[in-house]
Amino acid sequence: LQPYHLIAFDWPAHGESAASHSPDKDYSLAALANLFSKAVVELAVQKPYAFVAFSMATNIVAEML
């Protein structure tokens, strides 16, 4: 087994996910950081992880930290 696994996120309302009925609230930096933080806690399964982000995602990662 590798010590890391890849978790790739897509923005809400892209791909197969539904759009929010409250985009002003749900798509704020704080709300997206909270959403992605919960996903990392659930998906990382106590393995080491590193964030790699581009463009706006760097703001989300900064907010998460």
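Trainee: Explain the overall build of the protein chain to me, using residue names and the numbers behind them.
Mentor: Scanning the protein chain from N- to C-terminus turns up three helices and zero strands. Each principal axis of the C-alpha distribution contributes one length, and for the protein chain these read about 40 × 25 × 20 Å. Within the protein chain, buried positions represent 17% of all 65 residues. Partitioning the contacts of the protein chain with sequence separation of at least 6, the portion at a separation of at least 24 is 64%. Of the roughly 5,300 Å² of accessible surface on the protein chain, a fraction of 59% belongs to carbon and sulfur atoms.

Trainee: An account of the packing of helix 2 (residues 29-43) against helix 3 (residues 57-64) is requested, with residue identities and associated values reported.
Mentor: Axis separation between helix 2 and helix 3 bottoms out at 8 Å; the angle between their running directions is 70°. On the basis of the axis angle, helix 2 is roughly perpendicular to helix 3. Taken together, the residues of helix 3 that come into contact with helix 2 (itself represented by Leu 29, Ala 30, Leu 32, Ala 33, Phe 36, Ser 37 and Val 40) are Asn 59, Ile 60, Glu 63 and Met 64.

Trainee: How would you explain the environment of Tyr 4 if you had to name every residue and give the values?
Mentor: With respect to the helices and strands, Tyr 4 occurs in the segment before helix 1 (23-26). Leaving out residues up to four positions away in the same chain, Tyr 4 has contacts with Pro 48 and Tyr 49.

Trainee: Break down the nonpolar core for me, with residues and values.
Mentor: Counting residues in each nonpolar core, the largest one holds seven residues, listed as Leu 32, Ala 33, Phe 36, Val 40, Ala 44, Ile 60 and Met 64. Where this core is concerned, the elements lending two or more residues are helix 2 and helix 3. Looking at this core element by element, the count peaks at four residues for helix 2.

The rules behind each value
Residues numbered from 1 in each chain as written. Predicted model: local features only at pLDDT ≥ 70, side-chain atom pairs only at ≥ 80, totals over all residues. Heavy atoms only, no water. Helix = DSSP H or I, 4+ residues; strand = E, 2+ residues; numbered from the N terminus. Buried < 20%, exposed > 50% of the residue type's maximum accessible area, 1.4 Å probe, protein only. Contact = heavy atoms within 4.5 Å. Areas by Shrake-Rupley, 256 points an atom, 1.4 Å probe, with all protein chains shown as cover. Axes fitted to C-alpha atoms, helices over the stretch in contact; angles between N-to-C directions. Parallel < 35°, antiparallel > 145°, perpendicular 65-115°, else oblique. Core = buried A, V, L, I, M, F, W, Y, C linked by side-chain atoms within 4.5 Å.

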